[in-house]
Amino acid sequence: MTEAMARAHIDRFNAAVASGDWSWLTASLHPDAVMTFVGPPVGPFVGRDAIAQAYATNPPDDTMRILAVRTDAEAEVVSFEWSRGGTGTLTIHRNADQITSLAIEFD
């Protein structure tokens, strides 16, 4: 896991928010990827198709600004700030170049 990979994911997310096209972001997901949220009663979303459907049905409308990135052999942990206020943590797990899980926690 690398900081560059985490930053690239955030860049794809922000581009998708701006364009409304989530295909480039969801293409980076493993077919069996899982997206979970800690806090809000949303998800989990299991599988690339379910995650893509979640973005299509209820797309985020604010972008993320990276505050810090911590990486190790297991995950990329991104501390971020939403463009509309509030902070959180995104934990990304991968298998090779594909994302296998995304866990979003709001502060």
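Residues numbered from 1 in each chain as written. Predicted model: local features only at pLDDT ≥ 70, side-chain atom pairs only at ≥ 80, totals over all residues. Heavy atoms only, no water.

### Here's the deal with the UniProt feature "domain: SnoaL-like" (unreviewed entry) in the protein chain
Okay, step 1: Residues given the UniProt feature "domain: SnoaL-like" (unreviewed entry) here are residues 11–87.
Okay, step 2: The span residues 11–87 carries 30% helix and 36% strand; its end-to-end C-alpha distance comes to 17 Å. (UniProt positions renumbered as here; feature names shortened; annotations may be inferred. Helix = DSSP H or I, 4+ residues; strand = E, 2+ residues; numbered from the N terminus.)

### Considering the environment of alanine 96
Okay, step 1: Tracing the backbone through its elements, the reader meets alanine 96 in the loop between strand E5 (87–95) and strand E6 (98–106).
Okay, step 2: Alanine 96 gets classed as exposed once you look at its relative accessible area, which sits at 63%.
Okay, step 3: Each C-alpha atom of the pair alanine 96 and arginine 70 lies 18 Å from the other, and the pair is 26 residues apart in sequence. (Buried < 20%, exposed > 50% of the residue type's maximum accessible area, 1.4 Å probe, protein only.)

### Details of helix H3 (residues 48–57)
Okay, step 1: Those residues of H3 lying buried are Ile51, Ala54 and Tyr55. Considered in projection along H3, the buried side chains sweep an arc of 95 degrees and stay on one side of the axis. Exposed side chains of H3 directed beyond 90 degrees from the buried face belong to Asp49, Ala56 and Thr57.
Okay, step 2: On its buried face, H3 sits against helix H1 (3–19), helix H2 (23–26), strand E1 (29–38) and strand E2 (45–46). (Arc of directions from axis to C-beta. Contact = heavy atoms within 4.5 Å.)

### Details of the pairing of E1
Okay, step 1: Pairing between E1 and E6: 6 bridges, direction parallel. Its bridge partner being in E6, threonine 36 is matched across the sheet by alanine 103.
Okay, step 2: Turn length for the E1-E2 hairpin, with the two strands adjacent in sequence and antiparallel, is 6 residues, and the turn residue glycine 39 shows positive phi of about 120 degrees. (Pairing = 2+ DSSP bridges.)

### With respect to the packing of aromatic side chains
Okay, step 1: Within the structure shown, the criterion is met by 7 aromatic pairs.
Okay, step 2: A centroid spacing of 4.2 Å and a plane angle of 0 degrees characterise the contact between tryptophan 22 and tyrosine 55, whose relative ring orientation is stacked. Here tyrosine 55 lies in helix H3 and tryptophan 22 lies in the loop between H1 and H2, a separation of 33 residues in the sequence. As far as burial versus exposure is concerned, tryptophan 22 and tyrosine 55 are alike and both buried.
Okay, step 3: Grouping aromatic residues by their ring pairs yields a cluster made of Phe13, Trp22, Phe37, Phe45, Tyr55, Phe80, Trp82 and Phe106. (Phe/Tyr/Trp six-rings, centres within 6.5 Å; stacked < 30°, edge-to-face > 60°.)

### Considerations on the side chain of glutamate 76
Okay, step 1: With respect to the secondary-structure elements, glutamate 76 resides in strand E4 (residues 76–82).
Okay, step 2: Among the polar contacts made by the side chain of glutamate 76, one reaches the main-chain amide nitrogen of alanine 6 at a distance of 3.5 Å.
Okay, step 3: Among the polar contacts made by the side chain of glutamate 76, one reaches the side chain of arginine 94 at a distance of 2.6 Å. (Polar contact = N/O pair within 3.5 Å; in protein donor to acceptor, adjacent residues only side chain to side chain.)

### Points about the side chain of aspartate 62
Okay, step 1: Examined against the element boundaries, aspartate 62 turns out to sit in the loop between H3 and strand E3 (64–71).
Okay, step 2: For the buried residue aspartate 62, which engages in no salt bridge, the nearest side chain bearing the opposite charge is arginine 84, 5.1 Å off.
Okay, step 3: Ignoring anything within four residues of it in the chain, the contact list for aspartate 62 reads Phe13, Val17, Trp82, Ser83 and Arg84. (Lys, Arg positive; Asp, Glu negative; His and termini not counted. Salt bridge = Lys/Arg side-chain N within 4 Å of Asp/Glu carboxyl O.)

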